[in-house]
Amino acid sequence: MNRELLYEKSIEGRSGYALPVSGIQEEFPGPEYLRSGPCGLPELSELDIVRHFTGLSRLNYSVDGNFYPLGSCTMKYNPKILEDVSSLDGFSRLHPMLPLLPGAAEYVQGALEVLYRLQEALCDITGMDAATLQPLAGAQGELAGILMTAAYHRMKGNAKKTVIVPDASHGTNPASAAMVGYDVITVATDSRGQMDTAEFAERINDEVAAVVMTCPNTLGIFNADIRKISRMAHSVDALMYYDGANMNAILGKVKPGDIGFDIVHLNLHKTFATPHGGGGPGAGPVCVKDFLAKFLPSPRIVRDRGGSYMPGEGDASSIGKMAPFYGNFGVLLKAYAYILLLGEEGLNDVSDKAVLNANYILGLLRDHYEVPYDRKCMHECVLSAARQSEKGVHALDIAKYLIDMGFHPPTVYFPLIVKEAIMIEPTETESRETIDRFARVMIDAAGLAEKEPGVLRNAPVTTRISRPDEVRAARDLNVRYTG
Amino acid sequence: MKYTPHTRIDIEDMLKTIGVPAVEDLFRDIPADMRAAGYGLGAGKSEYEVLGHLKHTAGRNRPLRLNLTGGGFYDHYIPSAVDRLAGRAEFYTAYTPYQPECSQGTLQAIFEYQTAICRITGMDVSNASVYDGGTALAEGILMAMRVTGRNKIVIDKSVNPIYRDMIRTYLGSQECELAEVGPDGLALDMKGFSENIGRDTAAAVVQNPNFFGTINDYSEISAGCRKAGALTICSVYPLSLGLLRTPGEMGADIVTGEGQSLGNPLSFGGPYLGFMAVKREYIRQLPGRIVGETVDRNGKKCYVLTLQAREQHIKRHRATSNICTNQSLCALRALLYLSCLGEKGFRDTAVRNYTLANYAVRVLSDIEGVEFVNGKPVFNEFVLRFKDKADVVYSKLLARGISAGIPLGGYYKGMDDMMLMCVTEKLGKDDISMLRKELEEL
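Quick caveat: nothing in here was measured; it's all calculated off a predicted structure. (Residues numbered from 1 in each chain as written. Chains lettered and ligands numbered in written order. Predicted model: local features only at pLDDT ≥ 70, side-chain atom pairs only at ≥ 80, totals over all residues. Heavy atoms only, no water.)

### Quick word on the overall build of chain A
Rules: Helical segments are the DSSP runs of H or I of at least four residues, strand segments are the runs of E of at least two, and each set is numbered from the N terminus. Taken over C-alpha atoms, the radius of gyration is set against a globule rule of 2.2 Å times the number of residues to the power 0.38. Here, residues are in contact when the closest pair of their heavy atoms is within 4.5 Å.
In terms of regular secondary structure, chain A is built from 16 helices and 12 strands. Here the C-alpha atoms of chain A give a radius of gyration of 25 Å, agreeing with the 23 Å that 2.2 N^0.38 yields for 483 residues. With the C-alpha coordinates aligned to their principal axes, the bounding extent of chain A is approximately 75 × 65 × 45 Å. Sequence separation of at least 24 residues holds for 71% of the intrachain contacts in chain A that already meet a minimum separation of 6.

### Structural notes on the domain arrangement of chain A
Cut-off, in case you're wondering: Where each domain begins and ends follows an automated or database-derived domain assignment.
Annotation of chain A at the domain level lists domain 1 (6–52) and domain 2 (81–341). Look at where the C-alpha atoms of domain 1 of chain A and domain 2 of chain A centre, and you get two points 43 Å apart.

### Notes on helix α1 (residues 8–18) of chain B
Heads up, the rule is: Only protein chains enter the area calculation, which uses a 1.4 Å probe; residues under 20% of their type maximum are buried, those over 50% are exposed, and those in between are partly exposed. In this description, one arc is meant: the one made by directions from the helix axis to the C-beta atoms.
Among the residues of α1 of chain B, those classed as buried are Asp10, Ile11, Met14, Leu15 and Ile18 of chain B. The buried residues of α1 of chain B occupy an angular sector of 125° when the element is viewed end-on, so they sit on one face. Opposite the buried face of α1 of chain B, by more than 90 degrees, sit the exposed residues Arg8, Ile9 and Lys16 of chain B. Each element contacted by the buried residues of α1 of chain B is listed here: α11 (329–365) and α14 (432–451) of chain A. Gly19 of chain B sits one or two positions beyond α1 of chain B and adopts a positive phi of about 95°.

### A few points about the domain arrangement of chain B
Residues and elements named next belong to chain B. Under the convention used in this document: We define buried area as the total accessible area lost by two parts upon association, computed with a 1.4 Å probe and summed across both. Definition used for salt bridges: Asp or Glu carboxyl oxygen within 4 Å of a side-chain nitrogen of Lys or Arg.
Taken domain by domain, chain B comprises domain 1 (66–77 + 341–441) and domain 2 (80–336). Distance from the C-alpha centre of domain 1 to the C-alpha centre of domain 2: 27 Å. At the junction of the two partners, domain 1 supplies 29 residues and domain 2 supplies 33 residues. Of the roughly 2,500 Å² buried at the junction of domain 1 and domain 2 (both faces included), carbon and sulfur atoms supply 69%. Broken down residue by residue, the surface that domain 1 buries against domain 2 is led by Phe73, Phe346 and Tyr412, which jointly contribute 28%. The tally of links between domain 1 and domain 2 comes to 0 salt bridges.

### A look at the packing of helix α6 (residues 133–148) of chain B against helix α7 (residues 161–170) of chain B
All names here are of chain B. Filter applied, for reference: Simply put, an axis is a line fit to the C-alpha atoms, just over the touching stretch for a helix, and the angle between two N-to-C directions goes from 0 to 180 degrees. Should an angle fall under 35 degrees it is called roughly parallel, over 145 degrees roughly antiparallel, and 65 to 115 degrees roughly perpendicular, with every other angle called oblique. Left-handed is the label given to a crossing in which the near helix is rotated counterclockwise from the far helix by less than a right angle, and right-handed is the label when the rotation is clockwise. Basically, the charged four are Asp, Glu, Lys and Arg, the nonpolar ten are Ala, Val, Leu, Ile, Met, Phe, Trp, Tyr, Cys and Pro, and anything else, Gly included, counts as polar.
Between α6 and α7, the least distance of the axes is 9 Å, while the angle of their chain directions is 50°. Classified by the angle their axes make, α6 and α7 are oblique. For the crossing formed where α6 meets α7, the hand is right-handed. Packed against α6, whose contacting residues are Gly133, Gly134, Thr135, Leu137, Ala138, Ile141 and Leu142, the element α7 presents Tyr163, Met166, Ile167 and Tyr170 at the interface. Residue composition of the contact of α6 with α7, grouped by class: 8 nonpolar, 3 polar and no charged.

### Digging into the interface of chain A and chain B
Note the threshold: N or O atoms closer than or at 3.5 Å make up a polar contact, with two conditions inside protein: a donor-capable atom paired with an acceptor-capable one, and, for residues adjacent in sequence, both atoms drawn from side chains.
Contacts between the two partners involve 205 residues from chain A and, on the opposite side, 186 residues from chain B. Taken together, both faces of the contact between chain A and chain B bury some 17,100 Å²; the carbon and sulfur share is 61%. Counting every contact that joins chain A to chain B gives 11 salt bridges. Our enumeration of links across chain A and chain B arrives at 96 residue pairs in polar contact (both at pLDDT 80 or more). Sort the elements by how many residues they give to the side of chain A that touches chain B and α11 of chain A lands first, with 26 residues. A breakdown of the residues in the side of chain A that touches chain B according to their chemical character gives 110 nonpolar, 52 polar and 43 charged.

### Some words on the packing of aromatic side chains
Which entries qualify depends on this criterion: Under the pairing criterion, centres of Phe, Tyr and Trp rings, with the six-membered ring standing for Trp, must be within 6.5 Å; the plane angle then separates stacked pairs below 30 degrees from edge-to-face pairs above 60, leaving the rest tilted. By definition, being over a ring means that NZ of Lys or CZ of Arg is both within 6 Å of the ring centre and within 35 degrees of the ring normal.
Applying the stated criterion across every chain yields a total of 25 aromatic pairs over all chains. Look at Phe28 of chain A and Tyr354 of chain B: their rings are 5.8 Å apart centre to centre, the planes differ by 80°, and that puts the pair in the edge-to-face class. Of this pair, Phe28 of chain A sits in the loop between α1 (6–9) and α2 (46–57) while Tyr354 of chain B sits in helix α11 (residues 328–365), which puts the two residues in different chains. When its relative accessible area of 34% is taken as the criterion, Phe28 of chain A is described as partly exposed. Under the relative-accessibility criterion, Tyr354 of chain B is labelled buried at 2%. Taking 5.8 Å as the distance between ring centres and 75° as the angle between the ring planes, the aromatic pair formed by Tyr237 of chain B and Phe379 of chain B counts as edge-to-face. Within this pair, whereas Tyr237 of chain B is found in the loop between β6 (231–236) and β7 (254–258), its partner Phe379 of chain B is found in the loop between β11 (371–372) and β12 (381–385), the two being separated by 142 residues in sequence. For the pair Tyr237 of chain B and Phe379 of chain B, one class covers both residues: buried. The ring centre of Tyr107 of chain A lies 4.3 Å from the NZ or CZ of Arg62 of chain B, which sits over that ring. One Lys or Arg, Arg119 of chain B, reaches over the ring of Tyr7 of chain A and ends 4.7 Å from the middle of that ring.

### Focus on the pairing of strand β3 (residues 183–187) of chain A
Residue and element names in this part refer to chain A. What counts, and what does not: Should DSSP find at least two bridges between two strands, the strands are regarded as paired. For crossovers, right-handed means that the path from the first strand over the helix to the second runs clockwise, given strands pointing away from the viewer.
In terms of strand pairing, strand β2 (residues 162–166) meets β3 through 5 bridges, oriented parallel. Within the sheet, the bridge partner assigned to Thr162 lies in β3 and is Asp183. Assessed by its sense of winding, the connection that carries the chain from β2 through helix α7 (residues 172–179) to β3 is right-handed.

### Re the nonpolar core
Applicable threshold: In plain words, nonpolar cores are sets of buried Ala, Val, Leu, Ile, Met, Phe, Trp, Tyr and Cys residues tied together by side-chain atoms within 4.5 Å.
One finds Phe272, Ile422 and Met442 of chain A together with Phe382 of chain B to be the most contacted residues of the largest nonpolar core, which totals 243 residues. It is α11 of chain A that provides the largest number of residues to this core, a total of 21 residues. Residues contacting Met442 of chain A, with those up to four places away along its chain left out, are Leu365, Tyr369, Leu383, Ile398, Leu402, Ile422 and Ile424 of chain A. Of all hydrophobic cores here, the second largest spans 80 residues; its members include Cys39 of chain A together with Ala204, Ala252 and Tyr303 of chain B.

### So, α7 of chain A
Residues and elements named next belong to chain A. Across the 8 residues of α7, 7 count as buried, placing the element largely inside the fold. All of the buried residues in α7 are Thr172, Asn173, Pro174, Ala175, Ser176, Ala177 and Met179. Looking one or two places after α7, you find Gly181, whose phi comes out positive at around 95°.

### Focus on the side chain of Arg467 of chain A
One can find Arg467 of chain A in the loop between α15 (453–458) and α16 (470–475). On the accessibility criterion, Arg467 of chain A (18% relative accessible area) is buried. One polar contact links the side chain of Arg467 of chain A to the main-chain carbonyl oxygen of Arg457 of chain A, over a distance of 3.5 Å. A polar atom in the side chain of Arg467 of chain A sits 2.7 Å from the backbone oxygen of Ala459 of chain A. In contact with Arg467 of chain A, not counting residues within four places along its chain, are Leu396, Asp397, Lys400, Leu456, Arg457, Ala459 and Pro460 of chain A together with Glu101, Asp296 and Arg297 of chain B.

And the structure:
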């Protein structure tokens, strides 16, 4: 049976909302200013709505319900206290314009203090000197970083044209560089699973504006040549950009600022445990070295001599505004609470256990799947279903089988450089028993690929739907209900 | 506080499987001289301590007796069902619905959201949302430049100045001419538009109601754009659409807006959502995630992310945008809000916001020395002129626990004596009487 849409459940005349009585009437503007017909919003009771959305929620896999080892997404457990903190009335109802109005910053000192202290904590964690909390997601943080790169080179009169990214990089890296007008140079991965240092040495030249790297990279491998790479980049005045998507691997172990990076963005919804929300909201603060601080988006939160906090407007060097105010405050607040909860030791423990879990999975599965870069990994490991694909079973079939077994699948077919990639990031919050269960299912899948490949190709069979026709979705585009 | 479950025995057994003696050995790829010296963050704390600390910090945000601050960001009532349903962990601890079989909840909700956005704006297709109203407008402009292959943008100065700042940042490295026109007093500068829109124009950018709260009809501008082969981009305040003419009816090609007022708390600037809806012919240039209907292998109707070939994870540097995800949970809240209000509640709320603003204008502009400046019907917000500088009026009222609005002098030349003031359905007659009394006492 098809699941009905809200709009199909609508009953004319039904309603579940009332306004206070006002006792006010005013004349309407002329008809040229008024909408000509109804909106077509559903007419439902509150219970109708509650049933509808409770029903929808049950169709989702989520971290709270399922192991969710989606590689590169860091789907760790989101402590419940974070929801309580962000919904405190004293924070959730604050109007963001207040600190910009005469004398009204006094009314929001608590919120500004949170932002100020988070800026400081993130600088400490990344080994940087100054931070902006404005970027609303990791990809927007990247865009901010590349815009700052362009501003830096403009100031220095450098004629820069290109940005270097490794071929294992996230898609947002080249896309952000292109949005700022740079041509993208892609450097291949070597046999150890690192960006090929020799090829990099050939490609780096005076025209390179920045080198964008994730470290460890999307293969879960830490690049031990990183200092050498950054020296080469700096020798032609190219900036080193650290994509912090994989920061969970090195919390407490390495500060990007100590190993040659100039700009870092962090994904607070990954490393700092704020929920992913079904695909947002996130937060993508950017931290930089002192010499780039003046290019940061404006405003940043500053503390004056009297100890009051306020938004400090940058000068003409600032790239401007990436967000209307100070960033996704509700998300930032959760990340701040998470840092307070864990403290130094707790953050260090995060990377210990994230890396332990990933290597444990790799250890359990290495005999059953091809391991394209066979070495110890950091926070995630990348396997390949190349062996299984010879039997006609693909990474996607294994992913769908995992759904039947109650697991959210790992990332598949990424990084693009690994054939039949299965990218597993367990995160630190998962227990050994969960990982054991997951590994047993993965091993079963490898066995089925040999003996009964049909089972995998038919999966999933336990979900309400199975294998949607994505080609048809893109061909016969239907992106809204028209009934 | 730690959220890791490992016991000593777990760790020992796991290390045996891995084949190393200690966890530390797993970090051997990191050269010793690259290791961090440590943080200055101090020890972790218990939940009780952190909650206590943050409650105390929240307490340092002082409450106001009355708040008329708007400027594109509004304190509307949010039905309890919005919080409770969006607070279901199956929604908020999931991620982007890459695997449709275990994400139909999120996918169907986004499809329903896209439908709601199309219906209220009068447009054909909507994406799954972007970061906020400002980035939606910036992406809309970049999109118009791609569609037309032109690079001149004509923008009304009465588009929210915060958005115009963000647009300048986004267009910072593009070859693009940004022509700002008007306002003529506070009125729409038709002459400025007609003189600036030409064969080189990618788009005209307008906002309804504009930053000053004035309701406009932009049909003539969109007709002018069509003649010149340019697009019309309209940033719209979604709550007004329960009453006001839709951008679709005015002939807009691209509609964007800030979705905060649809069920998302002010939360000191975010998280919010930007909505984007366009005419059907432009769907392939629309950035961001889009959910489409299809059938599964058994012919059952279902939903998937579609047109992914436009996106960065496939197209990389040739993508329509670098945007990765939408603001899914905020979009869900917007859908929940629109569902809870329903057809009637949405219209009633729009009518109330219209009525209350125009009532406030009548009551307040009656005070000696206070003048209503818009001179046209307003929605939610309006501009009053005072004898004193608006900054002074604001400060005096703040001392009485009232944030009276936004003094406009910092945003527009020659408006030092004007204040943008906002009322929503959370206020009533009594609040406006109280404000009148306070203003009279100044």
